[in-house]
Amino acid sequence: MTEEVLHIIQHYRHDLMNRLQLVSGYLSMGKVEKAEDKLNEAIAYYEEERKLMQLKAPSLMLWILEFEQYYRSYSMSYFIEATSTTYNHPIDDQWIVSKCNQIMHVLQNHLYSDSMYEVEIRIIDNIKKDQWNIIFGVQGNIPNMSVDVWQSNLGNIQIERFNDRLQFVFSQTRE
C-alpha cells in the first residue's frame, strides 16, 4: 500500500511539474496568451479535482488518479456537476468503481488495442430524482457493433452510440 501511495504522489507531482513547465516555457518565449491558456487549463483541472475530493469518495478518486497508469490506450477527463449542498449526500464510490471497471473490461474486449481512446466521466447530482447520474463516454475508433453486443455484458447500464462515441449511463439512488 505504501508503494502504491508513493507511486500516485510521484505521478501527481510529475503531472503538476509538466503543467507548470508548459506555462513557464510559453512565458519565456513571450507567448503570454498561450501561457494564460495553459494556466487556465491547469486551474480548471484542479478545480474539478477539488470537486472530486469534496465527494468524499476515496475509491473513486484513486481509480480516477490511477486510470491512465492501468489503461495506457486511454486518456481520461472527468467533471463533477454538484452544488455545495449536495456534497452532503453520500455517494457509494465502490459501487461506481465496480461499474466503471465493468465498462472498461467490456471496452478492452471489444475495442482495438492499437488505438487511442478518450474517456470522459461525468458525475451529476440529480437533485430532482434524489440520485447521482454517471455518464461514462468513450470516443475513438469504435468498431461497428450493435449496442446489443455491448449491452449483453453490462446489464442495467444504458448504452447509446454516436458515430465514434459510446456513452454508458447509470444511476445511483442516494441514501
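All of the points below concern the structure found in this document. The residue numbering used here restarts from 1 in each chain and proceeds along that chain's sequence as written. For this predicted model, a pLDDT threshold of at least 70 governs which residues receive local features, and a threshold of 80 or more governs which side-chain atom pairs are given and counted, while totals over whole chains, interfaces and linings are taken from all residues. To get the side-chain values, take all heavy atoms of the structure and skip hydrogens and water.

1. Some remarks on the overall build of the protein
- Looking only at helices and strands, one finds five helices and five strands in the protein.
- In the protein, the succession of α and β elements from N to C terminus is α-α-α-β-α-β-β-α-β-β.
- Overall size of the protein, expressed as C-alpha extent along the three principal axes, is 55 × 40 × 35 Å.
- Residue burial in the protein is summarised as follows: out of 175 residues, 38% are buried. Helical segments are the DSSP runs of H or I of at least four residues, strand segments are the runs of E of at least two, and each set is numbered from the N terminus. The cut-offs for exposure are 20% and 50% of the maximum accessible area for each residue type, with area from a 1.4 Å probe on protein chains only; residues under the lower value are buried, those over the upper are exposed, and the others partly exposed.

2. Things to note about the environment of Met-104
- On the secondary structure map, Met-104 appears in helix 4 (residues 93–110).
- For Met-104, a relative accessible area of 0% puts it in the buried group.
- Each C-alpha atom of the pair Met-104 and Val-119 lies 9.9 Å from the other, and the pair is 15 residues apart in sequence.
- By definition, residues are in contact when any of their heavy atoms lie within 4.5 Å. Not counting chain neighbours up to four residues away, the residues in contact with Met-104 comprise Trp-63, Phe-67, Tyr-71, Tyr-74 and Phe-136.

3. Regarding the sheet that holds strand 1 (residues 74–81)
- Note on pairing: two strands pair once DSSP finds at least 2 bridges between them. On the basis of which strands lie adjacent, the open sheet formed by five strands has the order 1-2-3-5-4 and mixed pairing. Among the strands making up the open sheet, the edge pair consists of strand 1 and strand 4 (158–162). The mean angle between the axes of side-by-side strands here comes to 15°, regardless of whether they run parallel or antiparallel.
- As paired elements, strand 4 and strand 5 (residues 165–173) share five bridges and run antiparallel to each other. Directly across from Phe-162, in strand 5, lies its bridge partner Arg-165.
- Axes here refer to lines fitted to C-alpha atoms; in helices the fit is confined to the stretch in contact. Angles between the N-to-C directions go from 0 to 180 degrees. Strands strand 1, strand 2 (117–126) and strand 3 (131–139) of the sheet are contacted by helix 3 (residues 58–70), whose axis makes an angle of about 150° with strand 1.

4. Thoughts on the nonpolar core
- Grouping buried Ala, Val, Leu, Ile, Met, Phe, Trp, Tyr and Cys residues that are joined through side-chain atoms within 4.5 Å yields what is termed a nonpolar core. Counting 39 residues, the largest nonpolar core has Trp-63, Tyr-74, Leu-107, Ile-121, Phe-136, Val-138 and Phe-168 as its most contacted members.
- In terms of residue count, helix 4 provides more of this core than any other element does, seven residues in total.
- Those residues in contact with Trp-63 that sit more than four places away from it in its chain are Tyr-71, Met-76, Val-97, Cys-100, Asn-101, Met-104, Ile-121 and Phe-136.

5. Quick notes on helix 3
- Here the expected span of a helix is defined as 1.5 Å times the quantity of residues minus one. When the terminal C-alpha atoms of helix 3 are compared, their 18 Å separation across 13 residues agrees well with the 18 Å that a helix rising 1.5 Å per residue should span.
- To obtain the bend at a residue, axes are fitted to the seven residues ending there and to the seven starting there, and the angle between these axes is taken. By the largest-angle criterion, Ile-64 marks the main kink of helix 3, which is about 35°.
- Three or more residues of helix 3 are buried, namely Leu-60, Met-61, Trp-63, Ile-64, Glu-66 and Phe-67.
- Each element contacted by the buried residues of helix 3 is listed here: helix 1 (2–28), helix 2 (32–54), strand 1, helix 4, strand 2 and strand 3.

6. Digging into the packing of aromatic side chains
- A pair of aromatic rings is counted whenever rings of Phe, Tyr or Trp (Trp by its six-membered ring) have centres within 6.5 Å, and the orientation is called stacked for planes under 30 degrees apart, edge-to-face for over 60 and tilted otherwise. With the rule as written, the count across this model stands at 10 aromatic pairs.
- Chaining the aromatic ring pairs together yields one cluster made of Trp-63, Phe-67, Tyr-71, Tyr-74 and Tyr-117.
- One Lys or Arg, Arg-19, reaches over the ring of Tyr-45 and ends 4.0 Å from the middle of that ring. Consider the ring centre and the ring normal. A charge sits over the ring if Lys NZ or Arg CZ is within 6 Å of that centre and within 35 degrees of that normal.

The values are spatial; any link to function lies outside them.
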